[in-house]
Amino acid sequence: EPSDVSKLETSVPTRSYEALQGSRRDAMGEGAAKGSEERSEKMEEERIKVNANRFTLLLGMFVWLGGVHLTLFLLVASALTMSWRIFLTCFALLVSLLFVPLFDTDGWKKKFSTFIVKCALAYFPITLEQEEELDDDKRYVIAFFPHSALPVGISALHPSSPLCPKNFKDGKLVGCGSSAICWCPFVRHVWSWLSIESCSRPHVSKRLEEGMSVILIPGGVRECMLLQEDSENVFLSTRKGFIKLALQHGVSIVPTFAFGQSSAYHYARLGPPLLPRRVVDMIARAIGFLPMYIWGAHGSPLPRPVPIHVVLGKPIHIKQKVSNPTYAQLNEIHAVYVEELKALFHRHVGQVPNAKPTLVIH
């Protein structure tokens, strides 16, 4: 049954990135392999350009991922001054940022997102692989796993990325995230400029009706409670909302996995023995994120520059729309997705040096 906890262990030996590049054409169709290689060449050109200015690269990464840390630093620093006036002034300024207009004009968003994505691709050794070419005329639900501490691998799929499949260029793909990002100073503006939108069901449905493809991370913040150092833990057994959306709109589902992403951050999270896991889960659902502290390279807000390999699996095709899918229909497609994700993990885990060797589905 899809609701059961399932576990996949693999003993496939890890191989170097050179071996990965050499075996890619054997694992993929000719067209998909050629497209992937062309995107990799473009990405390498962009990486060389951005790496020429290391300061710009680090600044771009901090702007993208350092908003929460900056907010916490300002609050703690102002509190340590032992002056209520300074603390309240700082707090008021941060709150006021929540009401500053987004200024998300198309021209500015394109320039900003292009800059951030170039920095991300230069900072990480990111590669992207398609197991099967996607149809230009179809819409897709990209079901992305894992969430990890932060799903930084998603940058490979941004329309501004040279790795992004041609199907999703020209704004045909939108990423969807927790509404909690709208309530964090700095992060609210940055993620809006990167075209990250609400993952609420009505909003995603609207986007699909408009002919867009969407990226969803079904595991969400619940996966942060499951993080382990030696295995990939994904929250999927009861996640069927993305299946229902795909059935209702008649769009194909693409199993997607970011290998190596979970090694980008260290973390300290709220939970046992301080608080029972059930209480932490309730808090996370209420506020839209899990109270946890993450750090990366040298204890900084910047992630560790580990290799990340994003794989778009073979699409699960939905033959026709189902306005009101039954539990049986949801369970059937969900079971197929679970098996496809397991198979995808098994096929590729040995190809990425820092990938965790075991997949556990909760």
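To be clear, the structure that these remarks concern was listed above.
All of the points below concern the structure found in this document. Since we're looking at a predicted model, the values are computed, not measured.

Calculation rules
Residues numbered from 1 in each chain as written. Predicted model: local features only at pLDDT ≥ 70, side-chain atom pairs only at ≥ 80, totals over all residues. Heavy atoms only, no water. Axes fitted to C-alpha atoms, helices over the stretch in contact; angles between N-to-C directions. Helix = DSSP H or I, 4+ residues; strand = E, 2+ residues; numbered from the N terminus. Left-handed = near helix turned anticlockwise from the far one by under 90°. Contact = heavy atoms within 4.5 Å. Buried < 20%, exposed > 50% of the residue type's maximum accessible area, 1.4 Å probe, protein only. Pairing = 2+ DSSP bridges. Polar contact = N/O pair within 3.5 Å; in protein donor to acceptor, adjacent residues only side chain to side chain.

**Quick word on the packing of helix α8 (residues 201-209) against helix α9 (residues 241-249)**
A pair of packed helices can be characterised by two numbers: the angle between their axes and the separation between those axes. The contact between α8 and α9 brings their axes to 11 Å, and the two run at 35 degrees. Crossing hand, α8 versus α9: right-handed. Of the residues in α9, those touching α8 at Arg201, Val204, Ser205, Leu208 and Glu209 are Gly241, Lys244, Leu245 and His249.

**Looking at the pairing of strand β8 (residues 252-259)**
Burial within β8 is extensive, with eight of its eight residues counted as buried. Bridge count for strand β3 (residues 140-145) against β8 is six bridges, and the pairing is parallel. Its bridge partner being in β8, Ala143 is matched across the sheet by Pro255.

**What to know about the environment of Tyr267**
Secondary-structure assignment places Tyr267 in strand β9 (residues 266-269). Ignoring anything within four residues of it in the chain, the contact list for Tyr267 reads Leu227, Gln228, Glu229, Met292, Tyr293, Ile294 and Trp295. A distance of 3.2 Å separates a polar atom in the side chain of Tyr267 from the backbone oxygen of Leu227.

**Side note on the side chain of His69**
With respect to the helices and strands, His69 occurs in helix α4 (residues 67-80). By relative accessible area, which is 11% here, His69 ends up buried. A polar atom in the side chain of His69 sits 2.7 Å from the backbone oxygen of Ile294. Apart from residues no more than four positions distant in its own chain, His69 is found in contact with Tyr293, Ile294 and Pro301.

In short, the description is geometric, and any link to function would need to be established separately.
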